[in-house]
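Coordinate analysis (summary)
So the chains spell out like this:
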Amino acid sequence: MPKGSDLLVAALENEGVDRIFGVPGEENLDVVESLRKSKIKLILTRHEQAAAFMAATHGRLTGKPGVCISTLGPGALNLSTGAAYAHLGAMPMIMLTGQKAIMTAKQARFQIVDVVASMRPLTKMARQIITPASIPAIVRDAFRVAMEERPGPVHLELPEDVAGEETDDVPLVPPHPIELPVAPPAALDRAAEMICKAQRPLVMLGAGSSRPKLVEPLSAFIRRTRIPFFNTQMGKGSVTGGSNLYMGTAALSSGDYVHRAIDHADLIISIGHDTVEKPPFIMGPDGPKVIHVGFTAASVEQVYFPHAEVVGDVGPSLALLADRIEGKLRIDPVFTGLRSEITGRIRDRADEVRFPPTPQRIVRDVRKVMPEDGIVCLDNGMYKIWFARNYRTHVANTLLLDNALATMGAGLPSAMMASMLYPKRRVLAVCGDGGFMMNSQEMETAVRLGLNLVVLILEDSAYGMIRWKQAVDGFADWGLCFGNPDFVRYAESYGAIGHRVKRTDDLVPTLEGAFKDTGVHLVTVPIDYVENTRVLVEELRGRVPEIA
């Protein structure tokens, strides 16, 4: 007779799961045994947080939930940051946690916390499984909830006695396709009329435009309408950055060069904007009209209150909108001049050879060694702003950054997941020394899995973004600096290959050599953040952007 854990694993196989990430505990041992007899690989990580980041990144890149597992209590709570990462970032994920037996209490309250209650604010659904017979239906529902718009994490708690209980064979619930309705004709007509009346329309691509299934529909909409566009940080790469209609990335809320184009627009077609991101522009009474296009209705905020909405399946809805406006628009030629100015400003000082190198030079050198389909996974730090502004993407989902939870420690696990999914593509993790050390133990996991991966550490021996804001806001330089290990020897202690860049001109050949080799490589280079003040404060007319 099958056990509850057998039904769970069979239900996961039924959903197409081929990997589970995590750190099991004694309450998961029935599940571990069922996994051992299945086709699903257990990817043992060194911390539960990294497992959650990997599962969330699987959801982000494939549109199908990644799965992670932990024990009860401390292990389950270690998934919390990953749950919030997936929840704010709209990444489908399933979290499986163990629990003590619910029919007996032989260990009283030892290690028991109400994990289901703690997960409810961080997930789309959180529930405890109380009988094996319910497992197939609950798992099917969990995957449905995780994947439907807006995607996100789901938590299931499986007590050890339910996992080990024998039961009659329960039929699995087959997945079924779900087709979303398109926007109604009245909404499309209203939007088309507003676009045709506008003198200076501009498209904005937000976080919700980065769904894997939207790559071609979005590109087709831009091609057909020829409307200039810009993107938010998490919308970067939704449409090729090499297009001559691309105006730039809104890496800051206001005041940056791309905002010259935003301020020039009289209508913004906001596709997939998610207000979890820092505002790409701030609406006011005298600003442009805004049309919200999304799978779900707009979340109205003080800085975002659209004048019209096109709500429905975004791809088909955009095709119907393009049918109404194609060939009817005259694009303001001022955008062409603004694009040249924005591009020139962004490229400024990218060729400087001073050492330590500037952020602009590091972004330029990374772009040089990454092919069009190469994937760069950013951790969180000051360099994220520079990559968002300066790094040109040519293929969707090739610059993975987090502008929602914006948590440190996610860069390395995200890159590991990308390398597993796309073993033939170049994958680079870019981490500050602070963020890298928050999950650096996963270097062992990467080596053990035999991944081909390069990790670039930008070393400034400080929590650089907060230190910069501390200086900008007039506080004393205090409390944010630290020491680092010898990163080359640290990498080697895990069985990886370490490199130290000592000249600016050595960064490109060092990265190129690491990519041409196999295995896990770590490259460390110091970074000079003096450009933060020169560009982001002084050059932008003293307007200090809100980025911390």
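In what follows, the structure referred to is the one given above.
In short, a report on the structure. Along each chain, residue indices are assigned from 1 in the same order as the chain's sequence is written. Only residues with pLDDT of at least 70 are given local features in this predicted model, and only at 80 or more are side-chain atom pairs given and counted; all residues enter the totals for whole chains, interfaces and linings. Calculation of side-chain values draws on the structure's entire complement of heavy atoms; hydrogens and water are dropped beforehand.

1. Examining the packing of aromatic side chains
Ring pairs are drawn from Phe, Tyr and Trp, using the six-membered ring of Trp, whenever the two centres fall within 6.5 Å, and their geometry is named by plane angle: stacked under 30 degrees, edge-to-face over 60, tilted for the rest. In this structure the tally under the stated criterion is seven aromatic pairs. On the numbers, 5.8 Å between centres and 75 degrees between planes, the contact of Phe 436 with Phe 487 is edge-to-face. Of this pair, Phe 436 sits in helix H17 (residues 433-438) while Phe 487 is found in helix H20 (residues 487-493), placing the two residues 51 residues apart along the sequence. Comparing Phe 436 with Phe 487, the two get one shared label, buried. Ring-pair connections join several aromatic residues into one group, and the members of that group are Phe 436, Phe 487, Tyr 490 and Tyr 494. We note Arg 425 situated over the ring of Tyr 422; from NZ or CZ to the ring centre the distance is 4.5 Å. Strands are runs of DSSP state E lasting at least two residues, helices are runs of H or I lasting at least four, and both sets are numbered from the N terminus onward. Here's how the labels work: a residue is buried when its accessible area is under 20% of the maximum for its type, exposed when over 50%, partly exposed in between, all with a 1.4 Å probe on protein chains only. Geometrically, a lysine NZ or arginine CZ counts as sitting over a ring once it is within 6 Å of the ring centre and also within 35 degrees of the ring normal.

2. Observations concerning a nonpolar patch on the surface
Residues Ile 102, Met 103 and Ile 130 make up a contiguous nonpolar surface patch of roughly 310 Å² in combined accessible area. For Ile 130, the position within the fold is in the loop between strand E5 (125-128) and helix H7 (135-147). What makes Ile 130 exposed here is its relative accessible area of 53%. Exposure above 30% relative accessible area and the lack of any salt bridge qualify a residue for a patch; like charges then connect within 9 Å, and the nonpolar side chains Val, Leu, Ile, Met, Phe, Trp and Tyr within 5 Å. Each accessible area is a Shrake-Rupley result for a 1.4 Å probe, and residues are judged covered by the shown protein chains and nothing else. Salt bridges are identified by distance alone: a Lys or Arg side-chain nitrogen within 4 Å of an Asp or Glu carboxyl oxygen.

3. Here we look at the side chain of Ser 243
Topologically, Ser 243 is positioned in the loop between strand E8 (229-231) and strand E9 (246-249). The contact definition used throughout considers only heavy atoms, calling two residues in contact when any of these lie within 4.5 Å. Not counting the four nearest positions on each side in its chain, Ser 243 is found in contact with Phe 229 and Arg 339.

4. Some details on the packing of helix H14 (residues 359-369) against helix H21 (residues 507-516)
Each axis is a line fitted through C-alpha atoms, taken for helices only over the stretch in contact, and angles between the N-to-C directions span 0 to 180 degrees. As a packed pair, H14 and H21 sit with axes 9 Å apart at the nearest point and diverge in direction by 35 degrees. For the element pair H14 and H21, the recorded crossing hand is right-handed. For the pair formed by H14 and H21, the contact residues are Ile 362, Asp 365, Val 366, Lys 368 and Val 369 on the first element and Leu 507, Val 508, Leu 511, Glu 512 and Phe 515 on the second. If you view the pair so one helix is near and one far, a crossing is left-handed when the near helix is turned anticlockwise from the far one by less than a right angle, and right-handed when it is turned clockwise.

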